[in-house]
Amino acid sequence: QVQLVESGGDLVQPGGSLRLSCAASGSIFSINAMGWYRQAPGKQRELVAAITSGGSTNYADSVKGRFTISRDNAKNTVYLQMSSLKPEDTAVYYCNAVTGMVDYWGQGTQVTVSS
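Residues numbered from 1 in each chain as written. Predicted model: local features only at pLDDT ≥ 70, side-chain atom pairs only at ≥ 80, totals over all residues. Heavy atoms only, no water.

> Got a minute to help me understand the overall build of the chain in this structure?
When its secondary structure is counted, the chain shows 0 helices and 11 strands. Along the chain, from the amino end to the carboxyl end, the secondary structure elements read β-β-β-β-β-β-β-β-β-β-β. For a compact globule of 115 residues, the expected C-alpha radius of gyration is about 13 Å, and the chain comes in at 13 Å, within 12% of that figure. For the chain, the C-alpha atoms occupy an extent of roughly 40 × 25 × 25 Å along the three principal directions. Taking all 115 residues of the chain together, 40% fall into the buried category. Taking all contacts inside the chain whose residues are at least 6 apart in sequence as the whole, residues at least 24 apart take part in 52%. (Helix = DSSP H or I, 4+ residues; strand = E, 2+ residues; numbered from the N terminus. Rg over C-alpha atoms; globule rule 2.2 N^0.38 Å. Buried < 20%, exposed > 50% of the residue type's maximum accessible area, 1.4 Å probe, protein only. Contact = heavy atoms within 4.5 Å.)

Structure (structure tokens):
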């Protein structure tokens, strides 16, 4: 079992920045990759960014150049640094951990970009 706890969601103005954190606990040795997804009202959940255990990253086209995913292995934490935020980035952001058998999800954290 893997437990994921997200934090950092907030209300921010367009053009602003925010950093999300996802702390993993439990069977973290089984995690192959971690990522951030988001789901806006009335839309499907979509991948925002992911990072593998080897450090490879990938991003959705809509966030490339604005968002950065990183991890701190000592803290078992993955971060999503978001800058130049746009109203269309408004969504609930979910942390995801991929193991060989099961995907795990956090409870989500709300990001609202509005003036």
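Following the structure, the description resumes.
> Can you walk me through the side chain of Asp 89 in this structure?
In this structure, Asp 89 sits in the loop between β8 (77–82) and β9 (91–99). Of the polar contacts made by the side chain of Asp 89, one reaches the side chain of Arg 38; its length is 2.9 Å. Not counting residues up to four positions away in its chain, the partners in contact with Asp 89 are Arg 38, Arg 66, Phe 67, Ser 84, Val 111 and Val 113. (Polar contact = N/O pair within 3.5 Å; in protein donor to acceptor, adjacent residues only side chain to side chain.)

> Help me understand the environment of Val 2, please; the structure alone is not making it clear to me.
By the secondary structure assignment, Val 2 is in strand β1 (residues 2–7). Given the relative accessible area of 6%, Val 2 is considered buried. In this structure, the C-alpha to C-alpha distance between Val 2 and Trp 105, residues 103 residues apart in sequence, is 8.7 Å. Setting aside anything within four residues of it in sequence, one finds Val 2 in contact with Ser 25, Ser 27, Ser 30, Ile 31, Ala 97, Thr 99 and Tyr 104.

> Even after reading the chapter, I still don't get the sheet that holds strand β7 (residues 67–72), so can you show me in this structure?
Paired through their backbone hydrogen bonds, the strands of a sheet run either parallel or antiparallel. Strand order in the open sheet formed by 4 strands is β1-β3-β8-β7, with antiparallel pairing between adjacent strands. Edge positions in the open sheet fall to β1 and β7, since each of these has one partner strand only. Going across the sheet, the axis of each strand differs from the next one's by a mean of 20 degrees, ignoring polarity. With 6 bridges connecting them, β1 and strand β3 (residues 18–26) associate as antiparallel partners. Bridging from a neighbouring strand, Leu 4 pairs with Ala 24 of β3. (Pairing = 2+ DSSP bridges. Axes fitted to C-alpha atoms, helices over the stretch in contact; angles between N-to-C directions.)

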